[in-house]
Amino acid sequence: MSIDRSQVDHAAELARLELSDDERERLRGELGQILQAFEALNTLDTEHIPPTAQVIPLGNVERDDVVAGSLPLDAVLDNAPRVEDGQIRVPPVLDES
Amino acid sequence: MADELYRLTLHAAARGLRDGTFSSVELTESLLDRIESVDGRTGAYLTVTADLALEQAADADARRASGQDGPLLGLPIALKDVLSTAGVQTTCASRILEGFIPPYDATAVTHLKNAGAVTLGKTNMDEFAMGSSNEHSAYKPVCNPWHLDKVPGGSSGGSAAAVAADECLAALGSDTGGSVRQPAALCGCVGLKPTYGRISRFGLIAFASSLDQIGVLTKDVTDAALLLGALAGHDPRDSTSADEPVPDYAGELNADIGGLRIGVAPEYFGEGLDPQVGDSVRAAINNLLGLGAAEREISLPHTAYALPTYYVIAPSEASANLARYNGVKYGLSDPQATDVDEMMARIRGRGFGSEVKRRIMIGTFALSSGYYDAYYVRAQKVRTLIKSDFETAFQDVDVIAAPVVPSPAFDLGAKLDDPVAMYQSDIMTLPASLAGLPCLSIPCGFVDGLPVGLQLIAPPFAESRLLQAARAYERARGELAAPVKAIDA
C-alpha cells in the first residue's frame, strides 16, 4: 500500500506531532512498507469473528463511592512547567473573539 | 567469595544474609562497585541511586537485627525506567520525560520496598518500551554483556544486561510483545512475563494497556519464583489486576514433572529460524522428555498473523496513551508558547524519538476515520483467532515449548534503518502476549558464543506449572558450558 504526503500530514495533525520535511518523507515510505505488511490480515475470513479488545474475562469494575486520600497538590504540581495559584497555566485554548 | 558478592542469585544472597556471612550494606556496596566498574561499557543504567540503596540496605540490616526475615529482605534489585519511583527521576528513556520526578511509587515498587528489597536504580530501555534492541533509548544504547558489539535485545535491554553483567541480583522489566523474554534470551538470563493482570500495572507507564505486563529478569528460575511471589496479586488501583489467589510459587517449585504434556508447534520451527537455535531448543525439549514429560504435536495456525496483528493494536493503543505528553503537566516544556496546539505539536516533535513517532503515526493512521475497521477492528478479530489457537492447544497439553527469538543477538546498528526487519525479532514472543498468557525464557545453549533461550508458555494463571517445568529443565540442564562474557574478559 502506498501512502501519499497528505495522509502523512493528516495523521501528524491528528497526533499533534510536529515533523520536519525529512521526517515526513521518511515516514511516508516506512508507513507504506508497514501497512503493506498489515495486508496479510486481509487474507483471513474474519466476518463472523468477534473482536478481542482485552483478554481477561472482566466486565466493568466498580468501587464503593467513598472519598479516599489523594496526593498533596504541591507534589502533583511540582512537575508542571507553569503553575499559578495552585493551577497549571497553559496558553489560551479558546479564541477570545 | 566475599569480593564477588555481586555474582550471587537472590536466593543464595538471602542465605548469606540469614547466616550472617555478610550484611545487606556489604552486598549493596559490592553491587555499587560492580556498577561503577562495568556500567560505562554496558550502559545498563540510566540512574543509579547509590545513597538511597545504601540507606535501604542499612534499614534492611536493622530489620534483620531485630529478628525480621523475608525472601527479599536486603536484596539489591534494579527497576526498569518505565516504573514510577517516588522522588527518583523516571524517563522511560525519553527526552519528553527528562526531569520528571514521580510523586508516587508503582505498586510493584511498593511491594519490593515493603519486602525490604534494596533498589539500585533505573535501567535503560527502548523509549517508552518500543523496540527490540534497546537502540531506541534517547540517552544511550545498551551493549550485550556477552559481546559488546551486539544488542542486548529490548525493550527491557538495560534490565537484562544489568542481570547478565552482575550489576544487580535481579531486575524488573515490562513485556508488551516480548520485551522481557526477548532480551532475557539474548542476554542469557531468565525472563518471566506472567499472565496479563497477575501483577498490578499501577505506576507502570502505559504503552499498550491491553498487553502491558510487568515481568522479572533473574539469574535462575528460583529467583523468578521468589520475585513473582512478592509482586503478584490484586490491586484496587488497577482494575485490570486479577483477583486470583497467589500460590506459593517458590514453595511449589520443585514438583515432579513426570507426565507433563509438552506441546510443540511446527509453526515455531519453520522458515526464518536459525537452524542452530532450533537445534538448541530441540535439545532442551528432549531434556524435558528425559524427565518423564510427554511431547504432543500441536498446531497454532495463526502464529504468522501475530506480527501484523500486534503492530496494529500496540501502536493504536500507544497513540492514545502517549497523548498525555504535551508539555502541560510534566516533562519537556515550552514556557514561551502562545498557542496551545502549536505548543503541543512542537513539544512532541522535539521530545519523541524516531521509533515512538513512527508508532504514534501508525496508530493514529490505523484509528483514523475510514481506516478504523480495515485495520484496528480487523486486527482485534485476528487477535481472537490467535487466542483461540492457544485455548484449543491447551485442551491437550500443559505447556508449550518454542524458541524465543529466531536468531541470537544481532550487531548494534544492523536493523536500525529497517523497522520491519526489527519487528521480525518479536515474531515468536508476540502470540503469547496477544493471548495474555504467562510465559518465560530460560537459557538453553549458545550459538556463536551468544546465549539462546527456550520459551515456555502456559494457560492463564498457570505460572506455578510454568515455573516447575522451567525449574525441572534447569536442574536437568545443569550449568551450561558458557564462554567468558566480554564484560568479564
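Numbering of residues starts from 1 in each chain and follows the order in which that chain's sequence is written. Whichever chain is written first becomes A and whichever ligand is written first becomes 1, with later ones labelled in order. The model is predicted, so local features are restricted to residues of pLDDT at least 70 and side-chain atom pairs to those at 80 or more, both for listing and for counting; the totals for chains, interfaces and linings are taken over all residues. Neither water nor hydrogens contribute to the side-chain values; these are computed over all heavy atoms in the structure.

Attention now goes to the overall build of chain B. Counting its secondary structure elements, chain B contains 15 helices and 11 strands. Each radius of gyration reported is based on C-alpha atoms, and the globular scaling rule is 2.2 Å times the count of residues to the power 0.38. The C-alpha atoms of chain B give a radius of gyration of 21 Å, which matches the 23 Å a tight globule of 489 residues would have. Taken over the C-alpha atoms alone, chain B extends approximately 65 × 55 × 45 Å along its principal axes. Any residue under 20% of the maximum accessible area for its type is buried, any over 50% is exposed, and the rest in between are partly exposed; the area is computed with a 1.4 Å probe on protein chains only. Looking at the 489 residues of chain B, the share that counts as buried comes to 66%. In chain B, once contacts between residues fewer than 6 apart in sequence are set aside, the share between residues at least 24 apart is 76%. Surface accessibility in these figures is a Shrake-Rupley result with a 1.4 Å probe; residues are shielded only by whichever protein chains are displayed. Entry remark: accessible area of chain B is about 15400 Å², with carbon and sulfur atoms responsible for 49%. A distance of 3 Å separates the average location of the 40 positive side-chain charges in chain B from that of its 59 negative side-chain charges. Secondary structure elements are defined from DSSP: runs of H or I of at least 4 residues count as helices, runs of E of at least 2 residues count as strands, and each element is numbered from the N terminus. Whether two residues are in contact is decided by their heavy atoms: any pair within 4.5 Å suffices. The sign given to each residue is positive for Lys and Arg and negative for Asp and Glu; His and the chain ends receive no count. Where a charge lies is defined by one atom per residue type: Lys uses NZ, Arg uses CZ, Asp uses CG and Glu uses CD.

What follows covers the interface of chain A and chain B. The interface of chain A with chain B comprises 51 residues on the first partner and 63 residues on the second. A quick way to say it: buried area is the sum, across both parts, of accessible area lost when two parts are put together, with a 1.4 Å probe. Summed over both partners, the interface of chain A with chain B buries about 4800 Å², with 69% contributed by carbon and sulfur atoms. Area buried by chain A at its contact with chain B is led by A:Leu41, A:Val55 and A:Asn79, which between them contribute 14% of it. The rule for a salt bridge is simple: a side-chain nitrogen of Lys or Arg has to be within 4 Å of a carboxyl oxygen of Asp or Glu. Where chain A packs against chain B, one counts 3 salt bridges. The closest approach of N and O atoms between A:Arg16 and B:Asp341, which form a salt bridge, is 3.1 Å. What qualifies as a polar contact is a pair of N or O atoms within 3.5 Å, subject to a donor-acceptor requirement within protein and to the restriction that residues adjacent in sequence count only when both atoms come from side chains. Counting every contact that joins chain A to chain B gives 16 residue pairs in polar contact (both at pLDDT 80 or more). Secondary-structure elements contributing two or more residues to the side of chain A that touches chain B are helix H1 (5–14) and helix H2 (21–38) of chain A. Ranked by residues supplied to the side of chain A that touches chain B, first place goes to H2(A) with 10 residues. Nonpolar residues are Ala, Val, Leu, Ile, Met, Phe, Trp, Tyr, Cys and Pro. Charged residues are Asp, Glu, Lys and Arg, and all others, Gly as well, are polar. The class makeup of the residues in the side of chain A that touches chain B is 35 nonpolar, 8 polar and 8 charged.

Let us now look at the sheet that holds strand S11 (residues 450–457) of chain B. Residue and element names in this part refer to chain B. Across the sheet, 11 strands lie side by side as S1-S3-S2-S4-S6-S5-S10-S11-S9-S7-S8; this open sheet has mixed pairing. Where the open sheet ends on each side, the last strands, each with one partner, are strand S1 (45–48) and strand S8 (294–297). Neighbouring strand axes in the sheet, compared pairwise and without regard to direction, differ in orientation by 30° on average. When DSSP locates at least two bridges between a pair of strands, those strands are taken to pair. Pairing of strand S2 (residues 76–80) with strand S3 (residues 118–123) involves 4 bridges; the strand directions are parallel. Pairing of lysine 80 across the sheet is with threonine 123, part of S3. Contacts between helix H5 (residues 157–164) and the sheet are confined to S1, S2, S3, strand S4 (170–175) and strand S6 (213–218), with S4 contributing the most and set at about 155° to the helix. Here, axes are lines fitted to C-alpha atoms. For helices the fit covers the stretch in contact, and angles between N-to-C directions go from 0 to 180 degrees.

The next point concerns the pattern of salt bridges. Tallied over the full model, the rule gives 30 salt bridges over all chains. Note that A:Glu23 and B:Lys357 form a salt bridge whose closest N and O atoms lie 2.6 Å from each other. Here A:Glu23 is found in helix H2, whereas its partner B:Lys357 is found in helix H11 (residues 354–367) on a different chain. Take A:Glu23 and B:Lys357: they sit in the same class, and that class is buried. Between B:Asp69 and B:Arg64 there is a salt bridge; the shortest N-O distance is 3.0 Å. Assessed through its relative accessible area of 44%, B:Asp69 is described here as partly exposed. Relative accessible area serves as the criterion here: at 17%, B:Arg64 is assigned to the buried category. Each of the salt bridges in this network shares a partner with another, and the network as a whole consists of A:Arg5, A:Asp9, A:Asp21, A:Arg24, A:Glu25 and A:Arg28.

On to the packing of aromatic side chains, then. For any two aromatic rings, the description comes down to two numbers: the centre-to-centre distance and the angle of the planes. All names here are of chain B. Working definition: a ring pair exists when centres of Phe, Tyr or Trp rings (six-membered ring for Trp) sit within 6.5 Å. Plane angles under 30 degrees give stacked, over 60 give edge-to-face, the rest tilted. In total, this model carries 15 aromatic pairs over all chains according to the counting rule given. Here the aromatic rings of tyrosine 311 and tyrosine 423 are separated by 3.9 Å at their centres, their planes lie at 10°, and the arrangement is stacked. One end of the pair, tyrosine 311, is in helix H9 (residues 306–321); the other, tyrosine 423, is in helix H13 (residues 419–424), with 112 residues separating them in the sequence. Every member of this aromatic cluster is reached through a ring pair, and the members are Phe100, Phe128, Tyr325, Tyr330 and Phe352.

Here the focus is the side chain of B:Asp274. Residues and elements named next belong to chain B. On the secondary structure map, aspartate 274 appears in the loop between strand S7 (261–264) and helix H8 (275–290). Buried charge without a partner: aspartate 274 forms no salt bridge, and the closest opposite charge is lysine 150, 10 Å away. Once you skip the residues sitting within four places of it in the chain, aspartate 274 turns out to touch Pro406, Ser407, Pro408 and Val447.

The subject of this paragraph is unusual backbone geometry. Residue and element names in this part refer to chain B. Across the junction of glycine 154 and serine 155, the peptide omega takes the value 5°, indicating a cis bond. Tracing the backbone shows serine 155 in the loop between S3 and H5. Of note, phenylalanine 128 is a non-glycine position whose phi angle comes to about 55°, a positive value. Tracing the sequence through the fold places phenylalanine 128 in the loop between S3 and H5. Since its relative accessible area comes to 1%, phenylalanine 128 is described here as buried. In the Ramachandran plot, aspartate 166 falls in the positive-phi region, its phi being about 60° despite a non-glycine side chain. Within the secondary structure, aspartate 166 sits in the loop between H5 and S4. Residue aspartate 166 is classed as buried on the basis of its relative accessible area of 5%.

A few words now on the confidence of the model for chain A. Detailed reading of the predicted coordinates is not advisable wherever pLDDT is low. pLDDT gives the predictor's per-residue confidence on a scale running from 0 to 100. Looking at chain A, pLDDT values average 91 and 98% of them are 70 or higher. Averaged over each element, pLDDT in chain A is lowest for helix H3 (residues 73–77) of chain A (91) and highest for H1(A) (96).

The next thing to look at is the nonpolar core. Of all hydrophobic cores here, the largest spans 180 residues; its most connected members are B:Phe128, B:Phe390, B:Leu454 and B:Leu467. Every residue in contact with B:Leu467, bar those within four places of it in the chain, is listed here: B:Leu192, B:Val221, B:Ala224, B:Ala225, B:Leu228, B:Tyr249, B:Leu253 and B:Leu440. We define the nonpolar core as a collection of buried residues of types Ala, Val, Leu, Ile, Met, Phe, Trp, Tyr and Cys that are connected through side-chain atoms lying within 4.5 Å of one another.

In this description, a disulfide is simply a cysteine sulfur pair whose atoms lie within 2.5 Å. All told, the structure shown has 0 disulfides over all chains when counted by the stated rule. Take B:Cys439: it sits in no disulfide, and the sulfur closest to it among the cysteines is that of B:Cys189, at 15 Å.

In this section: the side chain of B:Asp212. Residue and element names in this part refer to chain B. Take aspartate 212: it is sitting in the loop between strand S5 (190–193) and S6. Notably, aspartate 212 is buried but unbridged: the nearest opposite-charge side chain belongs to arginine 201, and the N-O separation is 4.8 Å. Among the polar contacts made by the side chain of aspartate 212, one reaches the side chain of threonine 176 at a distance of 2.7 Å. Separated by 2.9 Å, the side chain of aspartate 212 and the backbone nitrogen of phenylalanine 207 make a polar contact. Once residues within four sequence positions are removed from consideration, aspartate 212 is found in contact with Asp175, Thr176, Tyr196, Arg201, Leu204, Ala206 and Phe207.

This part takes up the pairing of S2(B). All names here are of chain B. Within S2, 5 of the 5 residues are buried, which leaves the element mostly enclosed by the surrounding structure. Because side chains alternate across S2, one face comprises the buried residues Pro76, Ala78 and Lys80, and the other comprises Ile77 and Leu79, equally buried. Note on the crossover from S2 through helix H4 (residues 107–114) to S3: the handedness is right-handed. Two elements, S2 and S4, share 3 bridges in a ladder whose sense is parallel. Residue pairing in the sheet places isoleucine 77 in a bridge with alanine 170 of S4. When the strands point away from the viewer and the connection leading from the first strand across the helix to the second strand turns clockwise, the crossover is called right-handed.

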